[in-house]
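If you want the building blocks of each chain, they are given just below.
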Amino acid sequence: MIFLSLFYEFFKAGLFAVGGGLATIPFLKEISAKTGWFTLSQLTDMIAISESTPGPMGVNCATYVGFETAGILGSITATIGLITPSVIIIILISKILEKFRNNRYVDAAFFGLRAASVALIAEAGISVAALTFVKSGNTVAERISWPGIILALVILYFSRYCKWTKKLHPIVFILFSALVGIIFSL
């Protein structure tokens, strides 16, 4: 029964998470609340690990949740559940789109899908930012994760505005952030 649940929950996420891996985050939050397979804290860890490892983030998260829930077969089941809708939709769209690409309704549908993708990704970004930059406390100063904000600003500066670091591979920033995270946790 757990395998059917894994497949079903991740099939739904794969079916409705238009826009890539970040768009799966709201669905992962829903899966967490509904099933209890992982906590929101574990979700932020999954996102960080999934973003820093090869492969699509949504697939990496599905594989992780499946493995933690039901071992190797669970990871395979959750991953297949997540990617099955995409495979089906891509096959169908490729057959239909050739005939209707210049149709104004098809163009309008894609316009709507782009807007939905932006909204889902924005919600995911806001959720991750809230989990990263806000912590429990009594006062406003205690509720703000100053190390997280400082690290984010430093990474933003060096990745966007500093000429000599713009040429660095993103993995350098990921490794630096992991190192700083370890140092702050000591």
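Coordinates for the structure precede this section.
Described in the following lines is the structure provided in the data block.

## Some thoughts on the nonpolar core
Consideration 1: Among the nonpolar cores identified, the biggest contains 21 residues, and Phe10, Leu28, Phe38, Leu43, Met46 and Val65 are the most heavily contacted of them.
Consideration 2: Residue contributions to this core peak at 6 residues, all from helix α4 (residues 57-100).
Consideration 3: Leaving out residues up to four positions away in the same chain, leucine 43 has contacts with Leu28, Lys29 and Phe38.

## Focus on the packing of helix α2 (residues 25-35) against helix α5 (residues 104-133)
Consideration 1: It is at 8 Å that the axes of α2 and α5 come closest, and there the two elements cross at 60 degrees. With respect to α5, the element α2 is oriented oblique. In contact with Ile25, Pro26 and Lys29 of α2, α5 contributes Leu120, Glu123, Ala124, Ser127 and Val128.
Consideration 2: Here the contact of α2 with α5 is built from residues that sort into 5 nonpolar, 1 polar and 2 charged.

## Points about a nonpolar patch on the surface
Consideration 1: Together, Leu153, Leu156, Tyr157, Phe158, Tyr161, Trp164, Leu168, Ile171, Val172, Ile174 and Leu175 line one region of the surface with nonpolar side chains, adding up to about 1,100 Å² of accessible area.
Consideration 2: For the nonpolar patch, the secondary structure elements donating two or more residues are α7 (146-161) and α9 (170-185).
Consideration 3: A total of 5 residues in the nonpolar patch trace back to one element, the largest contributor, which is α7.
Consideration 4: Assignment of secondary structure puts tyrosine 157 in helix α7.

The rules we used
- Residues numbered from 1 in each chain as written.
- Predicted model: local features only at pLDDT ≥ 70, side-chain atom pairs only at ≥ 80, totals over all residues.
- Heavy atoms only, no water.
- Core = buried A, V, L, I, M, F, W, Y, C linked by side-chain atoms within 4.5 Å.
- Buried < 20%, exposed > 50% of the residue type's maximum accessible area, 1.4 Å probe, protein only.
- Helix = DSSP H or I, 4+ residues; strand = E, 2+ residues; numbered from the N terminus.
- Contact = heavy atoms within 4.5 Å.
- Axes fitted to C-alpha atoms, helices over the stretch in contact; angles between N-to-C directions.
- Parallel < 35°, antiparallel > 145°, perpendicular 65-115°, else oblique.
- Nonpolar A, V, L, I, M, F, W, Y, C, P; charged D, E, K, R; others polar.
- Patch = residues over 30% accessible without salt bridge, like charges linked within 9 Å, V, L, I, M, F, W, Y side chains within 5 Å.
- Areas by Shrake-Rupley, 256 points an atom, 1.4 Å probe, with all protein chains shown as cover.
- Salt bridge = Lys/Arg side-chain N within 4 Å of Asp/Glu carboxyl O.

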